[in-house]
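Remarks on the overall topology
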Amino acid sequence: MSEVVTSSVPEDESSAQTKLAFLLAMAMFVLVVDTSLMNVSISAVVEDLDTTVSNVQAAIALEALVSAAFILISSKVGDLIGRKRAYVLGLAAYAIGAVAMTLAQSLIAIIIFWAIIGGLGASLLLPAMQSLIHGNFKGAARTRTYALVGAAAAIAAAVGPLLGGFVTTYLSWRVGFGLEAVVIAIVLFQIKLVHDVAYTGPRQIDLVGAILSVLGMGGLVLGILVWQEGGEFVGLLIAIGAVALALLAYWLVRRKREGKPTLLDPGLFGFPHFTSGIFGQLLQNVTLGGAMIALPIFLQMTLEYNALKTGLTLAPLSLSMFAVALLAGRKAGGRRPSDIILVGFALSTVGIALIIPIVPRTDSGWWLFVPLLITGSGLGLLVSQLNNYTLSPIEEERVSEAAGVNSAAGSFGLSFGLAVAGGIMLAVLAFSFTNLAEESTVIPPAQQQQIGDTLEDDAEVISNAQLEPLLADEPEDVREEILHINKEARDRSLQVALLVPVLASLLGLLNAFRMRRLPDPKPASSVEGVALG
């Protein structure tokens with residue numbers, strides 16, 4: 001295996017290590033800022049590609065889904081083909097997605113290159129990056145690198161909405177993705193600084209376990225996405241996902257008893273801290289995913305904000321999340337991690353719950369400032385504690401595998417939150433619009449029936465400004481009535497969609513009470529890698 005840094009290194013080698021640490025941090029920054037850029041650019045992408053909000057929602061959720069569904073098998077693939085090669089392939093796939101976004105003329109291109117190929121790239125990149133940091137650095141240098149990469153992710157989450165909003169408003173949403181490709185090119189140009197890290201474990205692949213994990217996580221979220229788009233076989237897809245996950249659990253236990261290699265060690269779930277921590281990680285990301293699909297749509301479709309105003313309005317959430325995570329990580333002192341996690345879920349529940357009654361009553365994003373600040377503070381507390389709580393009891397030789405499960409839970413939670421909140425939003429929109437139209441004494445019965453038939457097949461979140469040109473030939477009273485119904489139905493659907501992150505936070509709060517009944521986790525190994533979780 002290639003030589004790694006020791007506590008005493010020549011000055012030129014130390015300089016190379018510093019440069020490598022920053023290059024790894026740049027790669028992590030791109031991964032995190034990518035989704036923020038897409039969220040604040042929803043309306044711009046819809047207009048530019050002549051598509052719909054729900055289609056863009058589906059692409060965002062699909063990208064997170066692909067990453068979650070394949071991250072466990074991709075971690076094993078990286079072990080077999082070499083961590084450095086997996087890292088390069090992951091970056092290259094992400095670059096393909098970024099370049100495609102700068103050139104895409106249809107949603108199909110975004111789905112294939114950004115959501116699927118980019119999602120596969122992320123699933124290769126994250127576990128490979130963790131192994132490379134662990135193998136290329138030692139001691140204090142390793143700790144600093146993990147901290148730097150974790151800080152890059154936090155900074156990207158904080159500035160992503162602002163950066164994406166600025167670039168999209170004054171240049172183009174395509175420019176932001178073009179800049180991502182440039183950053184990846186810079187990282188790949190310096191790839192010689194990365195030394196590969198040999199894998200010494202079993203080289204057999206648990207192919208059945210890999211297939212079941214993809215079918216399980218993929219089936220559940222894909223079923224919700226198909227439901228969101230009004231497709232068929234929704235129940236079948238969700239059933240396939242649920243059955244596949246149950247079979248995966250059985251298969252892993254059976255393989256472990258037979259002493260055969262498994263996709264992941266089911267013994268990990270024998271640690272109560274790991275199990276409750278994984279559940280908390282999943283719920284935290286369901287909360288974040290649900291909020292980050294509903295809030296940008298509210299700002300862009302209801303308040304009709306551009307990308308910059310959307311980014312500025314969301315800044316209290318992202319900046320407080322970043323600041324509180326750093327502060328809590330340094331100043332936690334002797335406080336129990338479970339207590340901090342409990343407060344985090346309580347704050348995120350209260351913050352999002354406060355937004356729900358505001359939605360139909362405001363014409364300005366300023367009303368969201370305090371609720372977003374509360375929500376971001378809660379999520380920041382969770383970010384500061386959940387990963388360490390989950391992974392600290394795990395032995396060093398199993399930390400990489402446990403971190404892969406942790407990352408998969410986070411990615412699955414994010415995609416699940418995006419898909420469920422988006423699907424519920426459209427279902428409530430169609431139901432509310434149809435009911436309100438049928439109750440109207442202004443809209444003629446024939447048009448009421450037409451509205452119901454149309455929404456049954458194609459419900460869509462649309463702003464009043466986008467709807468007005470479609471109603472140009474309607475009488476004034478009918479036009480005003482439909483615009484009023486659109487606003488009321490849209491607001492109601494957004495309020496119900498926000499119940500998804502609220503309920504996820506409430507479940508997280510209950511899970512935190514369970515954590516409090518457990519003794520504080522005792523570190524079993526060095527787990528600096530949790531920053532990548």
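Residues numbered from 1 in each chain as written. Predicted model: local features only at pLDDT ≥ 70, side-chain atom pairs only at ≥ 80, totals over all residues. Heavy atoms only, no water.

1. Comments concerning the overall build of the protein chain
For clarity, the cut-off: Going along the chain from the N terminus, every DSSP run of H or I of four or more residues is numbered as a helix, and every run of E of two or more is numbered as a strand. Exposure classes here rest on a 1.4 Å probe applied to the protein chains alone. A residue is buried below 20% of its type maximum, exposed above 50%, and partly exposed in between. Calculation of accessible area relied on Shrake-Rupley with a 1.4 Å probe; when residues are assessed, cover is drawn exclusively from the protein chains displayed.
Per the secondary structure count, the protein chain includes 17 helices and zero strands. The buried share of the protein chain, taken over its 533 residues, is 58%. Carbon together with sulfur atoms contributes 65% to the accessible area of the protein chain, which is approximately 22000 Å² in total.

2. Some words on the side chain of S364
To keep things clear, this is the line we draw: Any N or O atom pair separated by 3.5 Å or less is treated as a polar contact, with the protein-specific requirement of one donor-capable and one acceptor-capable atom, and with residues adjacent in sequence counted only for side-chain atom pairs. Contact criterion: two residues are considered in contact whenever any of their non-hydrogen atoms come within 4.5 Å of each other.
Structurally, the position occupied by S364 is in the loop between α12 (337-358) and α13 (369-391). A distance of 3.2 Å separates a polar atom in the side chain of S364 from the backbone nitrogen of W366. Filtering out sequence-adjacent residues up to four positions away, S364 remains in contact with L303 and Y305.

3. Observations concerning the packing of α12 against α13
Using the following cut-off: Here, axes are lines fitted to C-alpha atoms. For helices the fit covers the stretch in contact, and angles between N-to-C directions go from 0 to 180 degrees. Orientation categories follow fixed angle ranges, with anything under 35 degrees roughly parallel, anything over 145 roughly antiparallel, 65 to 115 roughly perpendicular, and all other angles oblique. Left-handed is the label given to a crossing in which the near helix is rotated counterclockwise from the far helix by less than a right angle, and right-handed is the label when the rotation is clockwise.
Running from N to C, α12 and α13 cross one another at 150°; their axes reach a closest spacing of 7 Å. With respect to each other, α12 and α13 are oriented roughly antiparallel. Crossing of α12 against α13: the hand is left-handed.

4. Observations concerning the nonpolar core
Rules: Each nonpolar core is a collection of buried residues, namely Ala, Val, Leu, Ile, Met, Phe, Trp, Tyr and Cys, held together in the definition by side-chain atoms within 4.5 Å.
By size, the foremost hydrophobic cluster in this structure holds 78 residues, and its most contacted members are M38 and I110. With 12 residues, helix α10 (residues 272-302) is the single largest residue contributor to this core. Beyond its immediate chain neighbours, meaning those up to four positions away, I110 contacts M38, V45, L49, A59, M101, A104 and A115. In terms of nonpolar packing, the next biggest core, distinct from the first, is built from 54 residues, I133, A210, A403 and A408 among them.

5. Side note on the environment of P519
Position of P519 among the secondary structure elements: in the segment after α17 (476-517). Measuring from C-alpha to C-alpha, the distance between P519 and R336 comes to 9.3 Å, with 183 residues separating the pair along the chain. Setting aside its immediate chain neighbours within four residues, P519 contacts H273 and R336.

6. With respect to a negative patch on the surface
Note the threshold: Like-charged residues are merged into a patch within 9 Å and nonpolar side chains (Val, Leu, Ile, Met, Phe, Trp, Tyr) within 5 Å, provided each residue has over 30% relative accessible area and no salt bridge. Here, a salt bridge means any side-chain nitrogen of Lys or Arg that lies within 4 Å of a carboxyl oxygen of Asp or Glu. For the purpose of counting charges, residues Lys and Arg are taken to be positive, whereas Asp and Glu are taken to be negative. His and the chain ends are not included. To locate a charge, take NZ of a lysine, CZ of an arginine, CG of an aspartate or CD of a glutamate.
Together, E304, E468, D477 and E480 make up a negatively charged patch on the protein surface. Mapped onto the secondary structure, E304 falls in the loop between α10 and α11 (307-331). What makes E304 partly exposed here is its relative accessible area of 40%.

7. Quick look at the environment of G78
Looking at the secondary structure, you find G78 in helix α3 (residues 53-81). With relative accessibility at 4%, the residue G78 sits in the buried group. For the pair G78 and S123, spaced 45 residues apart in sequence, the C-alpha to C-alpha distance is 9.9 Å. Other than its neighbours up to four places away in sequence, G78 contacts R83 and A86.

8. Concerning the packing of aromatic side chains
Basically, it comes down to this: Ring pairs are drawn from Phe, Tyr and Trp, using the six-membered ring of Trp, whenever the two centres fall within 6.5 Å, and their geometry is named by plane angle: stacked under 30 degrees, edge-to-face over 60, tilted for the rest.
A complete count under the given rule lists five aromatic pairs for this structure. When the ring of W173 is compared with that of F177, the centres are 6.2 Å apart and the planes differ by 80°; the resulting orientation is edge-to-face. Within this pair, W173 and its partner F177 are both found in helix α7 (residues 173-189), separated by four residues, close to a single helical turn. Note on F177: relative accessible area 0%, which makes it buried.

9. Quick look at unusual backbone geometry
Positive phi, normally seen in glycine, also occurs at D50, with a value near 55°. Looking at the element boundaries, D50 is found in the loop between α2 (42-49) and α3. Phi is positive for E304, close to 60°, though the residue is something other than glycine.

10. What to know about the packing of α3 against α10
Between α3 and α10, the least distance of the axes is 12 Å, while the angle of their chain directions is 150°. By the criterion of interaxial angle, the relationship of α3 to α10 is roughly antiparallel. In this structure, the crossing between α3 and α10 has a hand that is right-handed. Within the contact between the two elements, α3 uses V53, Q57 and I60 and α10 uses I293, I297 and M301.

11. A word on a nonpolar patch on the surface
Where nonpolar side chains cluster on the molecular surface, the patch consists of I205, L207, I211, L215, F233, L236 and I240 and spans about 670 Å² of accessible area. Those elements giving two or more residues to the nonpolar patch turn out to be α8 (207-228) and α9 (234-257). For the nonpolar patch, the element with the most residues is α8, which contributes three residues. Structurally, the position occupied by L207 is in helix α8.

12. A few points about the pattern of salt bridges
The tally for this structure, following the rule as stated, stands at seven salt bridges. With its nearest N and O atoms 3.2 Å apart, the salt bridge here joins R174 to D48. On the criterion of sequence distance, the pair formed by R174 in helix α7 and D48 in helix α2 is long-range, its members being 126 residues apart. Accessibility expressed as a relative area gives 42% for D48, which makes it partly exposed. Ionic contacts of the salt-bridge type, sharing partners, join the residues R254, E258 and K260 into one network.

13. A word on α13
What counts here: Between the first and last residue of a helix there are one fewer steps than residues, each counted as 1.5 Å, and that sum is the expected span. Throughout, bend refers to the angle between the axes fitted to the seven residues that end at a position and the seven residues that start at it.
In this model, α13 (23 residues) spans 34 Å end to end at C-alpha, consistent with the 33 Å of a helix rising 1.5 Å per residue. The sharpest bend along α13 measures roughly 30° and falls at Q385. Buried residues dominate α13, accounting for 17 of its 23 residues.

14. Here's the deal with the confidence of the model for the protein chain
Reading fine detail from the predicted coordinates is not recommended where pLDDT is low. Put simply, the test is: Note: pLDDT gives the predictor's confidence per residue, expressed from 0 to 100.
Residues of the protein chain with pLDDT of at least 70 account for 86%, and the chain-wide mean is 80. Here residues 1-11 is a poorly scored stretch, pLDDT under 50, and it has 14 contacts once near neighbours within four places are set aside; other chains count.

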